[in-house]
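These are the residues of each chain, in order.
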Amino acid sequence: MGALEDFNHAFIQDHEHRPKLTISEADGIPTIDLSPIFNSPGGDFPHDLVRQIASASRDWGFFLVVNHGVPPEKRRRIEAAAREFFGQSLEEKRKVRRDEGVVTGYFDTELTKNVRDWKEVFDFMVADTTVVPASPEPEDDELTQWTNQWPEYPPEFREACDEYVKELEKLGHKLMELIAVSLGLPPKRFQDYFKEQTSFVRLNHYPPCPSPELALGVGRHKDPGVLTVLAQDDVGGLEVKRKRDGEWIQVKPVPDSYVVNVGDITQVWSNEKYESVEHRAMVNSKKERYSIAFFFNPSHSTIVEPLEELIDPQNPPKYKSYSWGKFLSNRKRSNFKKLNVDNIQVSHFKITN
């Protein structure tokens, strides 16, 4: 493949009330067992589970979830389909390559001219017709539609993707209910933001890299959306920048788990009670690596700003409001054009005193 082929709350402040996490913070990011949400009568969330979500979101911005309700066979099926797709010739994969006109589909480092990132990916939108602004310009009200393009091979590829994403949507909504309660909000507080969601899935393939010290699978970054749910294989490579000391911590693969991180929108909604955290993906000189990222994003019409329930005279808003649709349109456009300004970031909306 081109160059690749050539080579919260006060109740959690006190130490004695801190949640008991499966993995201690000294060893790595916390692992949270979600089985109580399926066993609790009336749909109430156990107090201890809510505390764990609050602590992990506040202290790490990342956590693993197990017993999450996603059927393992659905995950195995999309993983197998992804391996088959990426195993094809470059010519075949590029039949569904993305470009400025079609933002979904296949791309690699050669297509994006980004030699830093050593990978190839396939993107698809959760809603096969996703409405977004046609332009990131504030005065332009025109809308457009993003549609998916699907490869002919493997023949079960689209079905496997559709089945899988339905399960990830359920998990995404459940996690946002937990996050809402952990912030002292009603469980369904965030639900309406996703009625016309702009969520998408990215299938990642990181081939073996002959000089891993010179490249990254993905450079250090933060996710701009609401929530990311990542399935990684047993090779590993994901690293998280620990908040308390800035050290890079490896996220060790746990079978059948998902890695969850809060994104920039959640950081703004919570008025920085929870923070989006930098992370990166390392490459391996001997083994290829696969992962599947589900980016849970709201409707294009969402105006992102700190929630009024979390603002008071002691906690004034820390961000100006911004249009998620315009933000997303700008980000997608920057994949294909070198813009005259830096790539838009949530920090551009930070209120400085």
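Residues numbered from 1 in each chain as written. Predicted model: local features only at pLDDT ≥ 70, side-chain atom pairs only at ≥ 80, totals over all residues. Heavy atoms only, no water.

## Comments concerning the pairing of strand β9 (residues 227–232)
Turning to step 1, where the next piece is worked out: The buried count for β9 comes to six of six residues, which makes it a mostly enclosed element.
Turning to step 2, where the next piece is worked out: Here β9 shows no split at all, with Leu 227, Val 229 and Ala 231 on one side and Thr 228, Leu 230 and Gln 232 on the other all buried.
Turning to step 3, where the next piece is worked out: Sheet analysis places β9 next to strand β12 (residues 258–262), joined by four bridges and oriented antiparallel. Within β12, the position partnered with Thr 228 by the bridge is Asn 261.
Turning to step 4, where the next piece is worked out: As judged from the six bridges shared by β9 and strand β14 (residues 289–296), these two strands associate in the antiparallel manner. Opposite Leu 230, over in β14, you have Ala 293 as the bridge partner. (Buried < 20%, exposed > 50% of the residue type's maximum accessible area, 1.4 Å probe, protein only. Helix = DSSP H or I, 4+ residues; strand = E, 2+ residues; numbered from the N terminus. Pairing = 2+ DSSP bridges.)

## Here's the deal with the packing of helix α3 (residues 47–59) against helix α7 (residues 157–182)
Turning to step 1, where the next piece is worked out: Where α3 meets α7, the axes come as close as 9 Å, and the angle between the chain directions of the two elements is 90°. Classified by the interaxial angle, the pair formed by α3 and α7 is roughly perpendicular. Taking contact as the criterion, the partners of Leu 49, Val 50, Ile 53 and Ala 54 in α3 are, on α7, Leu 178, Ile 179, Val 181 and Ser 182.
Turning to step 2, where the next piece is worked out: Its residues assigned to classes, the contact of α3 with α7 comprises seven nonpolar, one polar and no charged. (Axes fitted to C-alpha atoms, helices over the stretch in contact; angles between N-to-C directions. Parallel < 35°, antiparallel > 145°, perpendicular 65-115°, else oblique. Contact = heavy atoms within 4.5 Å. Nonpolar A, V, L, I, M, F, W, Y, C, P; charged D, E, K, R; others polar.)

## Side note on the sheet that holds β9
Turning to step 1, where the next piece is worked out: Here eight strands make up an open sheet; going across it, the order is β1-β2-β12-β9-β14-β7-β4-β3 and the pairing mixed. One side of each edge strand has no neighbouring strand; the edge strands of this open sheet are β1 (31–33) and β3 (105–108). Taking each pair of neighbouring strands and ignoring which way they run, the sheet shows an average axis angle of 25°.
Turning to step 2, where the next piece is worked out: In the packing of helix α4 (residues 72–86) onto the sheet, contacts are made with β3, β4 (120–125), β7 (200–206), β9, β12 and β14, and the angle to β7 comes to roughly 55°.

## What to know about the packing of α4 against α7
Think of two packed helices as two axes; the pair is described by the angle between the axes and how far apart they sit.
Turning to step 1, where the next piece is worked out: Two elements in contact, α4 and α7, have axes separated by 9 Å at closest approach and are oriented at 140°. Viewed along their axes, α4 and α7 adopt a mutual orientation that is oblique. For the element pair α4 and α7, the recorded crossing hand is left-handed. Between α4 and α7, the contacting residues are Lys 74, Arg 75, Arg 77, Ile 78, Ala 81, Ala 82 and Phe 85 on the first element and Phe 157, Glu 159, Ala 160, Cys 161, Glu 163, Tyr 164 and Glu 167 on the second.
Turning to step 2, where the next piece is worked out: Its residues placed into classes, the contact of α4 with α7 shows eight nonpolar, no polar and six charged. (Left-handed = near helix turned anticlockwise from the far one by under 90°.)

## Section: the packing of aromatic side chains
What characterises a pair of aromatic rings is the spacing of the ring centres plus the angle enclosed by the ring planes.
Turning to step 1, where the next piece is worked out: Per the stated rule, a full pass over the model turns up 17 aromatic pairs.
Turning to step 2, where the next piece is worked out: Taken together, a centroid distance of 4.9 Å and an interplanar angle of 20° make the contact between Phe 190 and Trp 269 stacked. Of the two residues, Phe 190 sits in the loop between α7 and β7 while Trp 269 sits in helix α8 (residues 264–269), which places them 79 residues apart along the sequence. In this pair, the class of Phe 190 matches that of Trp 269, namely buried. (Phe/Tyr/Trp six-rings, centres within 6.5 Å; stacked < 30°, edge-to-face > 60°.)

## Quick word on the nonpolar core
Turning to step 1, where the next piece is worked out: Phe 122 and Phe 190 are the most contacted members of the largest nonpolar core, which totals 86 residues.
Turning to step 2, where the next piece is worked out: At twelve residues, α7 tops the list of elements feeding residues into this core.
Turning to step 3, where the next piece is worked out: Those residues in contact with Phe 122, other than ones at most four positions away along the chain, are Phe 85, Phe 86, Val 96, Gly 105, Tyr 106, Gln 149, Trp 150, Pro 151, Phe 157, Val 201, Arg 202 and Leu 203. (Core = buried A, V, L, I, M, F, W, Y, C linked by side-chain atoms within 4.5 Å.)

This is a description of form; function is not addressed.
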